[in-house]
Number of protein chains: 2
Amino acid sequence: MNVRPKPPAESGKILYTQVYDYIWDRIRRGDWKAHDKLPSVRALAGELQLHRLTVFRAYGLLKEQGIVYVKEKSGYYVSEEQPHADPAAPKGEEAAFFVPTAAGVSEKALSGPRHGGGRMQNTLSEIHRIPADYSFSQALIDPNLLPNLFLSDHVKQVFDRYPKLLGTYSSVQGDEELRELLSADLQRKNKLQVSPDELLITTGGQQAIDLLAGVYLRPMDHVLVERPTYSSALDCFRQRGARLLPVEIRRDGYDLDVVEAYLKRHKPRMFYMNPTFHNPTGYTVPAVQRKQLVELAERYGCLIVEDDAVHDVYFDAPPPPPLYSYDTEGWVVYLRSFSKYLAPGLRICAVAARAAAMVPLLTAKSLADNGTPLVNQKLFQHCFESVRLQLHLEKLRTALQIRRDVMEQALASGTGWQWFRPQGGLNLWVHLPDGLNANRLLTESIRRGLTFVPGTICDPMGEMNDQIRLSYSFMNEARIQEGVHLLVRLAEELVQSE
Amino acid sequence: MNVRPKPPAESGKILYTQVYDYIWDRIRRGDWKAHDKLPSVRALAGELQLHRLTVFRAYGLLKEQGIVYVKEKSGYYVSEEQPHADPAAPKGEEAAFFVPTAAGVSEKALSGPRHGGGRMQNTLSEIHRIPADYSFSQALIDPNLLPNLFLSDHVKQVFDRYPKLLGTYSSVQGDEELRELLSADLQRKNKLQVSPDELLITTGGQQAIDLLAGVYLRPMDHVLVERPTYSSALDCFRQRGARLLPVEIRRDGYDLDVVEAYLKRHKPRMFYMNPTFHNPTGYTVPAVQRKQLVELAERYGCLIVEDDAVHDVYFDAPPPPPLYSYDTEGWVVYLRSFSKYLAPGLRICAVAARAAAMVPLLTAKSLADNGTPLVNQKLFQHCFESVRLQLHLEKLRTALQIRRDVMEQALASGTGWQWFRPQGGLNLWVHLPDGLNANRLLTESIRRGLTFVPGTICDPMGEMNDQIRLSYSFMNEARIQEGVHLLVRLAEELVQSE
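For the structure given in this document, a descriptive report is provided here. Each chain carries its own residue numbering, running from 1 in the direction its sequence is written. In the order they appear in the text, chains get letters beginning with A and ligands get numbers beginning with 1. Per-residue local features are limited, in this predicted model, to residues with pLDDT of at least 70; the limit for side-chain atom pairs, both in listing and counting, is 80 or more; totals at the level of whole chains, interfaces and linings are taken over all residues. Calculated side-chain values reflect all of the structure's heavy atoms, with hydrogen atoms and water omitted.

Along the backbone of chain A there are 17 helices and 15 strands. Accessibility here uses a 1.4 Å probe with only protein chains present; expressed as a share of the type maximum, an area under 20% marks a residue as buried, one over 50% as exposed, and anything in between as partly exposed. In chain A, buried positions account for 63% of the 498 residues. The long-range fraction of contacts in chain A, counting pairs at least 24 apart against all pairs at least 6 apart in sequence, stands at 74%. Element-wise, carbon and sulfur atoms account for 50% of the exposed surface of chain A, whose accessible area totals about 19200 Å². Comment: elements are numbered from the N terminus, with helices defined as DSSP H or I runs of at least four residues and strands as E runs of at least two. The contact rule is simple, with two residues in contact once any of their heavy atoms fall within 4.5 Å. In these tables, accessible area is a Shrake-Rupley quantity obtained with a 1.4 Å probe, and a residue counts as shielded only by the protein chains included in the view.

Contacts between the two partners involve 85 residues from chain B and, on the opposite side, 84 residues from chain A. Interface area for chain B against chain A, summed over the two sides, is near 7100 Å², with a carbon-plus-sulfur share of 60%. Within this document, salt bridges are pairs made up of a side-chain nitrogen of Lys or Arg and a carboxyl oxygen of Asp or Glu, the two lying within 4 Å of each other. Inspection of the region where chain B meets chain A yields 2 salt bridges. The partner of Asp 160 of chain A in a salt bridge is Lys 156 of chain B, with the nearest N and O atoms 2.6 Å apart. In short, buried area is how much 1.4 Å probe accessible area vanishes from two parts on joining, totalled over both.

This part is about empty space enclosed by the protein. Using protein atoms alone on a 1 Å grid, points that fit a 1.4 Å probe yet trap it form a cavity, whereas open point sets bounded by protein on both sides within 12 Å along at least five of seven lines form a pocket; residues with an atom within 4 Å of a point count as lining. Grid points are joined across faces, edges and corners, and a volume is the space filled by probe spheres set on the points. Taken as a whole, this structure holds 7 cavities of 30 Å³ or more when the rule is applied. Around the largest cavity, the lining comprises 19 residues; the ones closest to its centre are Asp 210 and Arg 240 of chain A together with Asp 210, Arg 240 and Ala 368 of chain B. Counting residues per element, the lining of the largest cavity draws most heavily on helix α8 (residues 204-216) of chain B, at 5 residues. Partitioning the lining of the largest cavity into residue classes produces 9 nonpolar, 6 polar and 4 charged. Under the scheme applied here, ten amino acids are nonpolar (Ala, Val, Leu, Ile, Met, Phe, Trp, Tyr, Cys and Pro), four are charged (Asp, Glu, Lys and Arg), and all others, including Gly, are polar.

Attention now goes to the packing of helix α15 (residues 438-447) of chain B against helix α17 (residues 477-496) of chain B. All names here are of chain B. The angle between two axes is taken between their N-to-C directions and runs from 0 to 180 degrees, where each axis is a line fitted to C-alpha atoms and a helix contributes only its stretch in contact. Contact pair α15 / α17: the axes reach a minimum separation of 10 Å and the direction vectors enclose 120 degrees. One finds that α15 runs oblique with respect to α17. The hand of the α15/α17 crossing is right-handed. Along its contact with α15, which presents Arg 440, Leu 441, Glu 444 and Ser 445, the element α17 presents Leu 487, Leu 490, Ala 491 and Leu 494. Residue composition of the contact of α15 with α17, by class: 5 nonpolar, 1 polar and 2 charged. What sets the label is the angle itself: under 35 degrees gives roughly parallel, over 145 gives roughly antiparallel, 65 to 115 gives roughly perpendicular, and the rest give oblique. Note on convention: near helix rotated counterclockwise from far helix by under a right angle means a left-handed crossing. Clockwise means right-handed.

With that settled, consider helix α6 (residues 148-161) of chain A. An α-helix turns once per 3.6 residues; consequently, residues spaced three or four apart project the same way. For α6 of chain A, built from 14 residues, the straight-helix expectation of 20 Å at 1.5 Å per residue is met to within 8% by its first-to-last C-alpha distance of 20 Å. For α6 of chain A, the complete set of buried residues consists of Asn 148, Phe 150, Leu 151, Ser 152, His 154, Val 155, Lys 156, Val 158 and Phe 159 of chain A. If you follow the buried residues of α6 of chain A, they end up packed against α13 (374-384) and α14 (387-411) of chain A together with α6 (148-161) of chain B. One fewer than the residue count of a helix, multiplied by 1.5 Å, yields its expected span.

Residues and elements named next belong to chain B. At a minimum axis separation of 9 Å, α8 and helix α12 (residues 355-369) run at an interaxial angle of 110 degrees. Between α8 and α12, the interaxial angle falls into the category roughly perpendicular. In this structure, the crossing between α8 and α12 has a hand that is right-handed. Along the contact surface, α8 presents Gln 207, Leu 211, Leu 212, Val 215 and Tyr 216, while α12 presents Ala 356, Ala 357, Pro 360, Leu 361, Ala 364, Lys 365, Ala 368 and Asp 369. Here the contact of α8 with α12 is built from residues that sort into 10 nonpolar, 1 polar and 2 charged.

Summed over all chains, the structure comprises 50 salt bridges over all chains. Among the ionic pairs, Asp 312 of chain B bridges to Arg 336 of chain B, the shortest N-O distance being 3.3 Å. Taken as a pair, Asp 312 of chain B in the loop between β8 (303-308) and β9 (332-337) and Arg 336 of chain B in strand β9 lie far apart in primary sequence, 24 residues in all. Asp 312 of chain B gets classed as buried once you look at its relative accessible area, which sits at 14%. Put simply, Arg 227, Glu 248, Asp 459 and Glu 463 of chain A are held in one network by salt bridges that share partners.

Before going further, it helps to spend a moment on unusual backbone geometry. Omega for the peptide link from Arg 227 of chain A to Pro 228 of chain A comes to 0 degrees, which places this bond in the cis form. Summarising the element assignment, Pro 228 of chain A is placed in the loop between β5 (222-227) and α9 (231-239). Here the residue pair Asn 279 of chain A and Pro 280 of chain A is connected by a cis peptide bond, since its omega of 10 degrees sits within 30 degrees of zero. Non-glycine residue Lys 267 of chain B carries a positive phi angle of around 45 degrees. Residue position: Lys 267 of chain B is located in the loop between α10 (256-266) and β7 (270-273). Accessibility expressed as a relative area gives 54% for Lys 267 of chain B, which makes it exposed. Of note in this structure, Arg 347 of chain B is not a glycine but carries a positive phi near 55 degrees. Within the secondary structure, Arg 347 of chain B is located in the loop between β9 and β10 (348-352). Exposure remark for Arg 347 of chain B: the relative accessible area of 3% places this residue in the buried category.

It is worth stressing that arrangement in space is one thing and function is another; only the former is reported here.
Structure below.
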């Protein structure tokens, strides 16, 4: 294969908004107070090792928003009055969507004292707080698809077996019986060589991502992320002050030349990826690339964080083996979450890592919560090893495939909607008809009791305003159909009104 | 009261070891590589806003340990070979204790790739990993003191009531019924005005501390901590790169002049305190100081983090009201953990915070794990509201008081042991007989199957090597007696052998 290497786009937009965030964060925290002189463009560019133009553009935006002012021949100063609302990210108006304030506490927050906490956001979690009749934003399994009676009977057996369960702490790393079970299972079903010592139990995949960000990322570190990707991972990395380097994910995977150019040029600490039934696109990175990616990671000393949340939710054929299975040198950390589709109320994720990554992860986990509660682990263990649960998984696949088909049929009733048909996972990644923008549509949809995830928050660059993620996992067929028809109508109204 | 204000000791030792940590961390992460020239003393002192002598001493220690070398008339350079083991904290030999390597994974870690993770440690968690016949290091309730049969019967009722519990996610903030219950309970029993909206459910107090550190602390921020205090909180703050300002805690509370001088001079972001049956000393800060502390926090804009983990474990009289009850302006965040003494396997903590702190905490919680699993919350709720559990609490108090008395009697059999008699909580804070040092004693004790917490790890300055924490909550009376007698014998042998 002879592909001409493309130089990675230096995502200037990302960088200057990050500098903007950095400066505004320090002003909000009170490091720089009203009428303080700010560092010169030259000095700040030197400190952050950036091009001066990038810092200049950041100051320009801060000035435009009234956060700083300029004294002729002197420099930039902090304004007396700061804008009240957090503009979150400096985007144009059409790149934001409107959330009714009743849904959040954000308004009240403005009246309290300023504690100087850093800027943080998790936009996906804000969307999930919105009450909705049709929730296409929740990539969760409908609780009605779970074998609930079986599960609650099972719980009773577990408590008969471990009567002191509520009184017992887990170890930080996780229950040994559970780790042995998962180690054997990963070996049998996925050919993964991972010993119980190489497994850490976390409270869902989200915690694993947050722990890894805490261990590996410092302000201004580079991290490779897919474009688009899971937005709460982006928020985790941003919270640590990391710089995001976006790698497009396509039906056939990544452009490895772009990946290599980034690795060479920026020496990123980490490549966070979701190569199997990717969220939000549904794409699966082919086996041949998986091997090459592990080689690249090893060559350039970049840790791959492989997030594998829906490995078992495939429709026709199982996905290729995880990248972790190609890794002999310890450059891949593998997150296998069971939280999505098997007892989601228990929030169990297994993190596979060799000792070099496991040691700092264990410390981070001990500081984060001293270990996932034993109750969750023991209940999960006994559900997971039961024959019944494996039958459940087969039924679940069929049910989800039907829901995917229903969603596709309903979407086909509209004009100009385009999507990729996923072979697994919980989502459809949909291109909107021409002339529609995702955030406008979401604002209208929220008013009508319908939510979805706009492309903008999945895109590390904050663009992709012509795409949305619709989850088909949370509602039943009838409601999916109604909801999608409502969405299609709303879209038509919006296009006509313009 | 006319106390002459003492200037707070500028804890030079702390600061220079923190600079040492900072530089070594960056070398380990590969920011500065072998034979790179390091910033000059002058430049680094400027960047970190420290006295040059502090930076000079840090470089001195790095040089001594072979981490950097000096070129005449040029400056400091990174050495080719780095010491293999992590010297953790640059202390003298007697300030460290020996943990058998079989207990940890630290040895293996050295063979893997260097991912450039930051330096992290949680020494308490390492002590807990050591298998021991007599575990005085665990400040946990003996599972045999819990009403286990009642709890497991109860679980079954909860699952009958919520058959879909395992399939349902919690909100990020926590289950509403549980927050309503706790809000009413805090009001009724503790006169705390806290609405359900002002409560966040976390996975134990440890998670709450970690979330708060993430929201409020950036590298080189100052944080006030008690001396001694809970060592895992110190590790959380160190992990964020914060500078620790130690405030002595005594039987009658703090020296408020010292506190105020620190507030004035260093503008700390946070005062982390544990004013009720303090860990490890057992002291309780008197009511009059509580009010004054809240006023100081408000005057100087410093957030008080009030950790209240054993509020209900009192022996004779209930403790004074929490600082939170005096706070009208939102400068106190209150951590009420139920994890220690009521269904510890569920790990439930309630964080009370006004909106200004709650908003960023909710974001941090959503990024950390998307909310504490619902199972834990619902099981806790129904245990907590049952009449039986309140009876359990009364029995528990009596049982713990007896264990405390047994431990005191056993200690009295030795010579030169001194301690404070706590009126609640789980620990005795013990001064060793003259000539003994805690880490030597711990090393010997581990060999004989006995663990405790050495004062050094509770002290933000790493000293207090003549004090230890013994928990009387985890073992029964007979084993407490045997264990303390063993400890007393070991101490006598050590003194005689010197």
